[in-house]
Amino acid sequence: MPSKPAGTLYRGREGMWSWVAHRITGVGIFFFLLVHVLDTALVRVSPHAYNEVIGTYKNPIVGLLEVGLVAAILFHAFNGIRLILVDFWAKGPRYQRQLMIGVGVLWVVLFVPFVIRHLTHVFGG
């Protein structure tokens, strides 16, 4: 059986998973923005209908979806900066793992306080 040349087998490390997560969060954010534009445009058509739609958003399920949205936005933003550094900084590819750890640390530092505060409001604390 012939052996594969060294360095050609992609091992699915942090680069692959960040690529997958970046695409998933990007699509999720896109669909949120689409719904947001549509429901905001409703105010021009019928302010009463707009108020009804906005009223349906005031429930715990939407509050939890907002947590997911913020998680996606934070990851997508920080990972986008990481991608810019990897692509345009000569040493970026060498530090890909450290940059990914930095994305994770920044994400946790900003996301955890948000979750605590937001869920306190959502569940009436």
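Treat the numbers as computed from the prediction; the structure is a model and nothing was measured.

Procedures and definitions
Residues numbered from 1 in each chain as written. Predicted model: local features only at pLDDT ≥ 70, side-chain atom pairs only at ≥ 80, totals over all residues. Heavy atoms only, no water. Helix = DSSP H or I, 4+ residues; strand = E, 2+ residues; numbered from the N terminus. Expected span 1.5 Å × (residues − 1). Buried < 20%, exposed > 50% of the residue type's maximum accessible area, 1.4 Å probe, protein only. Contact = heavy atoms within 4.5 Å. UniProt positions renumbered as here; feature names shortened; annotations may be inferred. Polar contact = N/O pair within 3.5 Å; in protein donor to acceptor, adjacent residues only side chain to side chain. Core = buried A, V, L, I, M, F, W, Y, C linked by side-chain atoms within 4.5 Å. Axes fitted to C-alpha atoms, helices over the stretch in contact; angles between N-to-C directions. Parallel < 35°, antiparallel > 145°, perpendicular 65-115°, else oblique. Left-handed = near helix turned anticlockwise from the far one by under 90°.

At 3.6 residues per turn, the α-helix brings residues three or four places apart onto the same side. The end-to-end C-alpha distance of helix α4 (residues 96-122) is 37 Å, a good match for the 39 Å that 27 residues give at a rise of 1.5 Å each. For α4, every residue scored as buried is listed here: Leu-99, Met-100, Val-103, Phe-111, Val-115 and His-118. Here the buried face of α4 lies against α1 (14-45) and α3 (60-88). Phi for Gly-124, located one or two positions after α4, is positive at around 70°.

Quick look at the UniProt feature "binding site: heme" (unreviewed entry) in the protein now. Mapped onto this numbering, the UniProt entry annotates "binding site: heme" (unreviewed entry) at His-76. Assessed through its relative accessible area of 25%, His-76 is described here as partly exposed. Residues in contact with His-76, not counting those within four places in the same chain, are His-22, Thr-25, Gly-26 and Ile-29. Looking at His-76, its side chain comes within polar contact range of the main-chain oxygen of His-22, at 3.2 Å.

The next subject is the environment of Phe-114. Among the secondary structure elements, Phe-114 is positioned in helix α4. Assessed through its relative accessible area of 25%, Phe-114 is described here as partly exposed. Here the alpha-carbon distance between Phe-114 and Val-67, two residues 47 residues apart in the chain, equals 8.3 Å.

If you look at the biggest cluster of nonpolar residues, it comprises nine residues: Val-67, Ala-71, Leu-74, Phe-75, Phe-78, Met-100, Val-103, Phe-111 and Val-115. Of all the secondary-structure elements, those providing two or more residues to this core are α3 and α4. If you tally residues by element for this core, the top one is α3, at five residues. What Met-100 contacts, discounting residues up to four positions off in sequence, is Glu-14, Ser-18, Phe-75, Asn-79 and Arg-82.

Its 29 residues give α3 an end-to-end C-alpha distance of 42 Å, which sits within 8% of 42 Å, the value for a rise of 1.5 Å per residue. The N-cap residue of α3 is Asn-59: its side-chain oxygen and the backbone nitrogen of Ile-61 are 2.9 Å apart.

What follows concerns the side chain of His-118. Tracing the backbone through its elements, the reader meets His-118 in helix α4. Its relative accessible area of 16% is what places His-118 among the buried residues. Those residues in contact with His-118 that sit more than four places away from it in its chain are Gly-63, Glu-66 and Val-67.

Here the focus is the packing of α1 against α3. The N-to-C vectors of α1 and α3 enclose an angle of 130°; their axes lie 9 Å apart at closest approach. Judged on the interaxial angle alone, α3 and α1 are oblique. Two packed elements cross with a definite hand, and for α1 against α3 that hand is left-handed. Residues Ser-18, Ala-21, His-22, Thr-25, Gly-26, Ile-29 and Phe-32 of α1 pack against Leu-69, Ala-72, Ile-73, Phe-75, His-76, Asn-79, Gly-80, Arg-82 and Leu-83 of α3.

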